[in-house]
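Inside the fold
What follows is each chain in one-letter form.
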Amino acid sequence: MKKIVKNMIFWGVAFLVTAVLLILLGLNVIETTSLGVTPVGIVLSAVCLVCIVWELSYGRAYALPLLLAVIFLCWEGGIAKAFSIGVDGNIIDNWIVIIAAILVTAGVALIVKSV
């Protein structure tokens, strides 16, 4: 029982820290690097890559589209700078990427579970 409580406390703190970091990013308190990526984006990308390896090691591919979308959103500014596309480092609206990733994730999960 104590392991579950510790796990819940860990994830609760992780969500709170993430929320504060997102607010700070939205207020432009955290500066971007020369690549157009924030240090938080670099760490978040690394966490997503670890999650991708974790999912693939267990033979699950449900969360891959969502994780790849998060990585793309973290590096969108750098990609826009590298290829000189988009306006102000924004290639595509973030909500479109998130909604599309959620729909693809749900579709893949439904297809894989039904087969």
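Note that the coordinates shown come from a computational prediction; the quantities given were computed from them, not determined experimentally.

What follows is about the nonpolar core. Soluble globular proteins tend to bury their nonpolar side chains together. Formed by Cys 48, Ile 52, Leu 64, Leu 67 and Ile 71, the largest nonpolar core amounts to five residues. Among the secondary structure elements, those contributing two or more residues to this core are helix 2 (39-57) and helix 3 (64-83). Broken down by element, the residue count for this core peaks at three residues, all from helix 3. Each residue touching Leu 67, except ones within four places of it in the same chain, is listed here: Cys 48, Cys 51 and Ile 52.

Here the focus is helix 4 (residues 94-114). Along its 21 residues, helix 4 runs 30 Å from first to last C-alpha, staying within 8% of the 30 Å computed at 1.5 Å per residue. Along helix 4, the residues that are buried comprise Val 97, Ala 101, Thr 105 and Ala 109. With its buried residues spanning 95° around the axis, helix 4 presents them on a single face. Along helix 4, exposed side chains directed more than 90 degrees from the buried face belong to Trp 95, Leu 103, Leu 110, Ile 111 and Ser 114. Close packing links the buried residues of helix 4 with helix 3.

Moving on, we get to the environment of Trp 75. You can see Trp 75 is positioned in helix 3. C-alpha of Trp 75 to C-alpha of Thr 38: the two residues are 37 residues apart in sequence and 8.8 Å apart in space.

Reading the values: rules and limits
Residues numbered from 1 in each chain as written. Predicted model: local features only at pLDDT ≥ 70, side-chain atom pairs only at ≥ 80, totals over all residues. Heavy atoms only, no water. Core = buried A, V, L, I, M, F, W, Y, C linked by side-chain atoms within 4.5 Å. Buried < 20%, exposed > 50% of the residue type's maximum accessible area, 1.4 Å probe, protein only. Helix = DSSP H or I, 4+ residues; strand = E, 2+ residues; numbered from the N terminus. Contact = heavy atoms within 4.5 Å. Expected span 1.5 Å × (residues − 1). Arc of directions from axis to C-beta.

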